[in-house]
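# Fold and geometry: a report
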Amino acid sequence: MVGSADVPSSDDKLITLFLRTLAECGITHAFVNWGSDHPALLEELERQRIEDGKTSLFIVTCPNEMVALSSAQGYAQVTGKPAAVIVHVDVGTQALAGAIHNVDRGQTPVLIYAGASAFTSNGELKGSRNEWIMWIQDIPDQAAIVRQYMRHTAQINSSHNVAEVVKRSLQIATSHPKGPVYLWGRREVMEAEVDTSVLDAAGQDLRQWPFVEATALSPKALTAVATALMKATNPLIITSSLGRNVDAVEPLLALSTLLAIPIVITCPSVVNVPFSHPFLDSISYLNPSVPNKHLADADAILVIDSDLPWIPTVAKPSDKARVFVVSGADPLKASSIGSWHVAAEMICQADAQVALTQIVERVSHLDEQQRRSVGEQILGSRIVQDRGQLLKDAHTAWLDGLEDRERDFSGVHLTVPNIIGGLRRAIELYTSSRGMETLVLSEAISNYGAVWEHLRPEVLGSVLTSGGSALGWALGASVGAYLGGKVKSHQVEGARPYELVVAIVGDGSFMFGVPSSAYWMARKYGTPFLTIVLNNGGWKSPKLSMLGVYPSGLGSQAIGERLSVGFGPDSPDFSQIAVAASGGWAWGKRVAGSDATALEEVLAEAVNVVVKERRCAILDCILESI
Ligand SMILES: Cc1ncc(C[n+]2csc(CCOP(=O)(O)OP(=O)(O)O)c2C)c(N)n1
Ligand SMILES: *[C@@H]1O[C@H](CO)[C@@H](O)[C@H](O)[C@H]1NC(C)=O
């Protein structure tokens, strides 16, 4: 031990090395919820404040852990980089709750660290048990709580490998399929003092921990996919999450355009195709009311980066269709989904950007060969042109239909098309960037599809969902995404902080989002965002699920309240929950009744509160009750 035996120099600590490694690996933010396992961290952070004027990681205090992890998810979704989440022993790990599912399903990298009870009870080591709770909070296998959702879990045992443990975790978290990793350490270990030589040695090999490189299609698969798409009379592309890598979109559009192939988006978690692209066919959550009109007739289907291209009981391709599944990692979902099958001729593990670039090149090459050998071409042919024209016409008709629904105020209640169409126009009118620097986080649940259609997103990366189904993501994620946008603006050339962040939630997902935590954080850390509550008086989705099985059963005659899925008759005042949580800082209003002018005015006011006054605004929009 270097320095005096009793009083080690202040930075000779495992915790110093731990935090330093996180920072060296590019982690800028830690979303935290502290406990009795964190004395070393709290003490070290204060030392940093005193000696360095600030902490090496920006610390975001999160009164609820699900909100903490959702914030870290939002941060990573916009920056592409992991944040740290620090929680308290087993109980804090449990309280991460459904956000664990969301970061796994959404393939969002994040480093979670939890402390653990001390393992000595008689004062043998610094950090030894000294509070009653340390017996209660020690469980046989803490990582088991989250292991099946994690890409990697590891216990921190020693200063001699803590830097390596962190680097290995982040290397795994940022390789496909990206996702969460979980580290934990016992109290005495985290208190351990460190030899300066250990501190000096760590961090010198950072460039030797890269993520795994993208894979390409095999020559055999490439020929099969390219030939099948070229020869098809009705080719089709289906994707859900390809746009998570914005650079994959260009080759997708190139392929679609070359052969006039419709693109169907199922259950999207990001913008995959700019909405105005004429070959974007539909965005659907595979509900029978939004049929995939190309599926039955398609004779060659490329399913690329999609966990669910169709639901067989709703609609499926013909047995003769040639189906190719391409996915960047784990295309059979062997380590993530229990039952899963897509009937396909070929399953390929390949990165979408690489694979599509290969297919585009191969298609052009094959076409050129055919021109030389038989004087015939497919690209630019009449067949391709006609197919393209049909797609363009269908796209125009789709837009016209959307426009009609947005402008139809003939009912008693506001509709989702009214509200989201109005929001889109307000964003264009009242942001100086005309919506170019707007980010929308949608947790609209039974209205997911309608929100995508009426937002009509053009900008890649401008709309996100949790990627999973654990409700309560959007509010916390808005805080994290705003912070991530600021970081990105410093790190990425040409990037600007978000002018406007919007969370679109159901009244259910609003409450799941722990608004008491999220709006307090928004004020504390200066992350103004607009919340649109699509208030249908409760949980519509469980009712719809019941109707899907019992379309004319007893429950079909009952209103939501009676079915116990409703929040009425004395519903919460959602916007005032946010106002109270932020100590009166947020602006909140309720809008009801089918009045175009009133809606327009209140949307303008709400957007302006966020954009000009830099405060949160919450608009509680009353829809027809379930
Ligand atoms: C954490 C969690 N609990 C319960 C559910 C089940 N669930 C799915 S949708 C839903 C209702 C959501 O209500 P709301 O956000 O108002 O949307 P709506 O269904 O009314 O459109 C519920 C409870 C879930 N997905 N996640
Ligand atoms: C820490 O120690 C435990 C118990 O011996 C062991 O199972 C685990 O693999 C160790 N962690 C690391 C990262 O080596």
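Source: prediction; values computed, not measured. (Residues numbered from 1 in each chain as written. Chains lettered and ligands numbered in written order. Predicted model: local features only at pLDDT ≥ 70, side-chain atom pairs only at ≥ 80, totals over all residues. Heavy atoms only, no water.)

From N to C terminus, the protein includes 22 helices and 18 strands. Referenced to the eigenvectors of the C-alpha coordinate spread, the extents of the protein come out at roughly 85 × 65 × 50 Å. For the protein, the proportion of its 626 residues judged to be buried stands at 54%. Looking at the protein alone, contacts between residues at least 24 apart form 76% of all its contacts between residues at least 6 apart. Summing over all exposed atoms, the protein offers an accessible surface of approximately 26,600 Å²; the carbon and sulfur share of this is 53%. (Helix = DSSP H or I, 4+ residues; strand = E, 2+ residues; numbered from the N terminus. Buried < 20%, exposed > 50% of the residue type's maximum accessible area, 1.4 Å probe, protein only. Contact = heavy atoms within 4.5 Å. Areas by Shrake-Rupley, 256 points an atom, 1.4 Å probe, with all protein chains shown as cover.)

Two quantities define a packed helix pair, namely the angle between the helix axes and the distance between the axes. One way to put it is that helix H10 (residues 219-231) packs onto helix H12 (residues 352-374) with a least axis distance of 9 Å and a crossing angle of 65°. Between H10 and H12 lies a crossing whose hand is right-handed. Residues Leu 222, Thr 223, Val 225, Ala 226, Thr 227, Leu 229 and Met 230 of H10 pack against Gln 358, Ile 359, Arg 362, Val 363, Leu 366 and Asp 367 of H12. The residue inventory of the contact of H10 with H12, partitioned by class, reads eight nonpolar, three polar and two charged. (Axes fitted to C-alpha atoms, helices over the stretch in contact; angles between N-to-C directions. Left-handed = near helix turned anticlockwise from the far one by under 90°. Nonpolar A, V, L, I, M, F, W, Y, C, P; charged D, E, K, R; others polar.)

A separate point is the side chain of Lys 543. In this structure, Lys 543 sits in helix H19 (residues 540-549). This buried residue, Lys 543, is left without a salt bridge; Glu 624 holds the nearest opposite charge, at 9.1 Å. For Lys 543, the side chain forms a polar contact with the main-chain oxygen of Ala 558, separated by 3.3 Å. When residues no more than four places from it in sequence are discounted, the contact partners of Lys 543 are Ala 558, Ile 559, Gly 560, Leu 563, Val 565 and Ile 626. (Lys, Arg positive; Asp, Glu negative; His and termini not counted. Salt bridge = Lys/Arg side-chain N within 4 Å of Asp/Glu carboxyl O. Polar contact = N/O pair within 3.5 Å; in protein donor to acceptor, adjacent residues only side chain to side chain.)

With that settled, consider the UniProt feature "domain: Thiamine pyrophosphate enzyme central" (unreviewed entry) in the protein. Within this numbering scheme, the UniProt entry marks residues 223-331 as carrying the feature "domain: Thiamine pyrophosphate enzyme central" (unreviewed entry). Strand forms 23% of residues 223-331 and helix 18%; the C-alpha atoms that close the span are 19 Å apart. (UniProt positions renumbered as here; feature names shortened; annotations may be inferred.)

Turning our attention to the site of ligand 1. Not every one of the 17 residues close to ligand 1 is listed here, only the nearest: Ser 446, Gly 508, Ser 509, Lys 540 and Ser 541. Within the contact set of ligand 1, an oxygen atom lies 2.5 Å away from a side-chain nitrogen or oxygen of Ser 446. One of the side-chain N or O atoms of Ser 541 is found 2.6 Å from an oxygen atom in ligand 1. Secondary-structure elements contributing two or more residues to the shell around ligand 1 are helix H17 (507-512) and H19. Element by element, the count of residues in the shell around ligand 1 is highest for H17, at four residues. Grouping the constituent residues of the shell around ligand 1 by class yields seven nonpolar, eight polar and two charged. (Near = heavy atom within 4 Å.)

It is worth spelling out the packing of aromatic side chains at this point. By the definition in use, this model includes eleven aromatic pairs. Ring geometry for Phe 275 versus Trp 398: centroids 4.8 Å apart, planes at 45°, classification tilted. With a gap of 123 residues between them, Phe 275 in the loop between strand E8 (263-266) and strand E9 (280-284) and Trp 398 in helix H13 (residues 382-406) connect regions that are remote in the sequence. On the basis of relative accessibility, which here comes to 2%, the residue Phe 275 falls in the buried class. Geometrically, the ring pair formed by Tyr 285 and Tyr 448 is stacked, given 4.9 Å between the ring centres and 10° between the ring planes. Remark: Tyr 448 occurs in helix H15 (residues 448-455) and Tyr 285 occurs in the loop between E9 and strand E10 (300-304); sequence separation between them is 163 residues. A residue is classified by how much of its surface remains accessible, and Tyr 448, at 13% relative accessible area, is buried. Within the aromatic cluster, the residues linked to one another by ring pairs are Phe 510, Tyr 519, Phe 529 and Phe 574. If you follow Arg 129 out to its NZ or CZ, it ends over the ring of Trp 135, 5.2 Å from the centre. The aromatic ring of Trp 340 is capped on one face by Lys 333, whose charged end is 5.3 Å from the ring centroid. (Phe/Tyr/Trp six-rings, centres within 6.5 Å; stacked < 30°, edge-to-face > 60°. Lys NZ or Arg CZ within 6 Å of the ring centre and 35° of its normal.)

Every residue lining ligand 2 is accounted for by Gln 155, Asn 157 and Val 165. With respect to ligand 2, the backbone of Gln 155 contributes an N or O atom lying 3.1 Å from a nitrogen atom. Here an oxygen atom of ligand 2 and a side-chain polar atom of Asn 157 are 2.4 Å apart. Starting from 360 Å² of accessible surface for ligand 2 in isolation, the protein chains cover 39%.

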